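Here are the chains, one letter per residue:
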Amino acid sequence: MTRWLITGAGGMLGRDLVAALTEPTASYGRHARRSETPVEITAATRDMLDVTDAAAVASAVSGHDIVINAAAWTDVDAAEDHEDVATDINGRAVNNIAAACTVNGAKLIQISTDYVFDGTATTPYPETHPTAPINAYGRGKSLGEQLALRTGGYVVRTAWLYGDHGPNFIETMLKLAASRPTVDVVTDQIGQPTWTAALAEQLVRLGTAALAGTAPPGIYHGTAAGQASWHDLARTLYDLAGLDPDRIRPTTAESFARPAPRPAYSVLGHDAWSAAGIPVQPDWRVQLDHALSEPGFADLAKAARS
């Protein structure tokens, strides 16, 4: 029996992590657990566990073999005005989890972000590239990385997430298709659209390998293969959903000024996975095609076509 603690279990990624562990024989993105060893899962939502409370974290981690910390302040723009609070959750709280893992001999997988980079690269960022965050959210997550790594933890950076269980770009675009003839989407931000179900599968594989001693601690980039602009993603989405992709019109990030600056280039390299014997995620188009067959997105696409 291995005992897994998922923090942030009520979020978009957290819910898919629980599904990946409890439904190992279901559809794509839900078949991560390859070991025959039974698992026991503690799914700790935000209401159940305040990760900034060291005593509560110590109690929650006790008795577990592995912790995947998916708890996070995810409002990137609001972090600009509330950096201390955001950093408490995304950064300093990781020290509580890492310390508790050390005491209990548990493995820690800390979820991080492409926002630890400044976005000025023109080729995929390797896992070893120095961080240089350009907003408050990125600075907090960068601190969280440091605190996880110094105690031998695993850091998995991801980006451009979408899934069934939370607000995301795919959901927004399909809803807009039902109410607008055209949608303006930026062409000058490049990244890797990543389905949370595919990421959850990869994270459970990593956790299983960590427990087996076959995955070295350190940084991993948990994003889909390939790359796209938001405009590319929206056009592909509409095409796969049976909508006219020409309804997506190009624009620039300057037209959508927001409080927090975003990296213009967020493509991450995936070299570290080979050392752990874990395959990289499929291309983002493959992931998107699978995601659209799930009931939630399929229903939104049907409504957009009607």
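Look above for the structure.
Read on for an overview of the structure. (Residues numbered from 1 in each chain as written. Predicted model: local features only at pLDDT ≥ 70, side-chain atom pairs only at ≥ 80, totals over all residues. Heavy atoms only, no water.)

Side note on unusual backbone geometry
We count it as follows: Under the DSSP-based scheme used, a helix requires at least four consecutive residues in state H or I and a strand at least two consecutive residues in state E, with every element numbered from the N terminus.
We note that Trp160 has phi near 50 degrees; this positive angle belongs to a residue other than glycine. In this structure, Trp160 sits in the loop between β5 (154-158) and β6 (161-162).

Overview of helix α10 (residues 284-291)
The condition is simple: Partly exposed residues are those whose accessible area sits between 20% and 50% of the maximum for their type, while under 20% is buried and over 50% is exposed, using a 1.4 Å probe and protein chains only. To be clear, the arc concerns the directions from the helix axis to the C-beta atoms. Any pair of nitrogen or oxygen atoms within 3.5 Å is treated as a polar contact; in protein, a donor-acceptor pairing is required on top of that, and neighbouring residues in sequence qualify only through side-chain atoms on both sides.
Those residues of α10 not exposed but buried are Trp284, Gln287, Leu288 and Ala291. Viewed along the axis of α10, the buried residues span an arc of 100 degrees, placing them on a single side of the element. For α10, the side-chain oxygen to backbone nitrogen distance between the N-cap and Arg285 is 2.9 Å, and the N-cap itself is Asp283.

Looking at the sheet that holds strand β2 (residues 39-44)
What counts is decided by this rule: A pair of strands counts as paired when DSSP detects no fewer than two bridges linking them. Geometry is summarised by axes, namely lines fitted to C-alpha atoms with helices restricted to the contacting stretch, and by angles between N-to-C directions that run from 0 to 180 degrees.
Strand order in this open sheet of six strands is β2-β1-β3-β4-β5-β10, and the pairing throughout is parallel. Looking at the sheet topology across the chains shown, the edges are occupied by β2 and β10 (218-221). Adjacent strand axes in the sheet meet at a mean angle of 20 degrees, parallel and antiparallel pairs treated alike. Bridge count for strand β1 (residues 2-7) against β2 is six bridges, and the pairing is parallel. Of the residues in β2, the one forming a bridge with Arg3 is Glu40.

Topic: the pattern of salt bridges
For clarity, the threshold we go by: For salt bridges, the criterion is a side-chain nitrogen of Lys or Arg within 4 Å of an Asp or Glu carboxyl oxygen.
Taken as a whole, this structure holds 10 salt bridges when the rule is applied. For the salt bridge of Lys175 with Glu171, the shortest nitrogen-to-oxygen distance reads 3.9 Å. Placement of both Lys175 and Glu171 in helix α6 (residues 169-177) is noted, with a separation of four residues, approximately one turn of the helix. The class for Glu171 is partly exposed, based on a relative accessible area of 21%. With its nearest N and O atoms 2.7 Å apart, the salt bridge here joins Asp184 to Arg249. Of the two residues, Asp184 is situated in strand β7 (residues 183-186) and Arg249 in strand β12 (residues 248-251); the sequence distance between them amounts to 65 residues. A relative accessible area of 33% places Asp184 in the partly exposed class. By relative accessible area, Arg249 is classed as partly exposed at 39%.

Describing the nonpolar core
Just so we agree on the cut-off: To define a nonpolar core, start from buried Ala, Val, Leu, Ile, Met, Phe, Trp, Tyr and Cys residues and group those joined through side-chain atoms within 4.5 Å.
Formed by 32 residues in total, the largest nonpolar core has its most connected members in Ile170, Met173 and Leu174. Mapped onto this core, the elements with two or more residues apiece are α6, β7, α7 (196-212), α8 (230-240), α10 and α11 (295-305). Top contributing element to this core by residue count: α6, with six residues. In this structure, Val18, Ile66, Ile68 and Ala215 belong to the second largest nonpolar core, which totals 28 residues.

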